[in-house]
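The lines below spell out each chain.
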Amino acid sequence: MKGKLKAQLTPTDIEKVLGKSRYSNDLYKVANMPGVAVGLAWTYVGGDILFIGNQPERWKGDLKLTGNLGNVMKESAVTALTYLQSNARKL
């Protein structure tokens, strides 16, 4: 084991190699608002944080999904609605 060094990287070392971060997640930290869900999206430059909002209105019994949602996001929305319907009296 003589002569082996333990590799140690610090955030400063990473910034020196890769450069300063172009994006900040500060908005994510402060956007804790009722009716807003946080999601992640894959993009050609890596990814992005999505804020998905709800407009309060009297529910008419159907779920309307807009935008370019993948199957996983659609299934998650239906699962969330099913949970809310099942637990509406408790909530």
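Scoring rules and cut-offs
- Residues numbered from 1 in each chain as written.
- Predicted model: local features only at pLDDT ≥ 70, side-chain atom pairs only at ≥ 80, totals over all residues.
- Heavy atoms only, no water.
- Helix = DSSP H or I, 4+ residues; strand = E, 2+ residues; numbered from the N terminus.
- Buried < 20%, exposed > 50% of the residue type's maximum accessible area, 1.4 Å probe, protein only.
- Contact = heavy atoms within 4.5 Å.
- Areas by Shrake-Rupley, 256 points an atom, 1.4 Å probe, with all protein chains shown as cover.
- Polar contact = N/O pair within 3.5 Å; in protein donor to acceptor, adjacent residues only side chain to side chain.
- pLDDT = per-residue confidence, 0-100.
- Pairing = 2+ DSSP bridges.
- Salt bridge = Lys/Arg side-chain N within 4 Å of Asp/Glu carboxyl O.

**A word on the overall build of the protein chain**
In step 1: The number of helices and strands found in the protein chain is three helices and two strands.
In step 2: Scanning the protein chain from its N terminus toward the C terminus, one meets helices and strands in the order α-α-β-β-α.
In step 3: A total of 91 residues make up the protein chain; the buried ones form 4% of that total.
In step 4: The contacts in the protein chain between residues at least 6 apart in sequence include a share of 8% that link residues at least 24 apart.
In step 5: Accessible surface, the protein chain: about 9300 Å² in total, of which carbon and sulfur atoms supply 57%.

**Some words on the side chain of asparagine 87**
In step 1: Relative to the elements of secondary structure, asparagine 87 occurs in the segment after helix H3 (71-86).
In step 2: Its relative accessible area of 11% is what places asparagine 87 among the buried residues.
In step 3: In terms of polar contacts, asparagine 87 uses its side chain to reach the backbone carbonyl oxygen of tyrosine 83, at 2.9 Å.

**Let's talk about the confidence of the model for the protein chain**
In step 1: Averaged over all residues, the pLDDT of the protein chain equals 78, while 77% of them reach at least 70.
In step 2: The lowest-confidence element of the protein chain is helix H2 (residues 26-30), averaging 65 in pLDDT; the highest-confidence one is helix H1 (residues 11-18), averaging 89.

**What about the pairing of strand E1 (residues 36-41)?**
In step 1: Of the strand pairs in this sheet, E1 and strand E2 (residues 48-53) are connected by six bridges, and their pairing is antiparallel. Note that in E2 the partner of glycine 39 across the bridge is leucine 50.
In step 2: The hairpin turn running from E1 into E2, its antiparallel successor, is six residues long, and glycine 46 in that turn takes a positive phi close to 130°.

**Re the pattern of salt bridges**
In step 1: Under the defined criterion, the tally for this structure stands at one salt bridge.
In step 2: Note that lysine 20 is salt-bridged to glutamate 15, the shortest N-O span being 3.5 Å.

**Regarding the environment of valine 36**
In step 1: Mapped onto the fold, valine 36 is located in strand E1.
In step 2: Classification of valine 36 by relative accessible area gives partly exposed; the value is 25%.
In step 3: Along the sequence, valine 36 and leucine 50 sit 14 residues apart, while their C-alpha atoms lie 9.8 Å from each other.
In step 4: Apart from residues no more than four positions distant in its own chain, valine 36 is found in contact with Phe51, Ile52 and Gly53.

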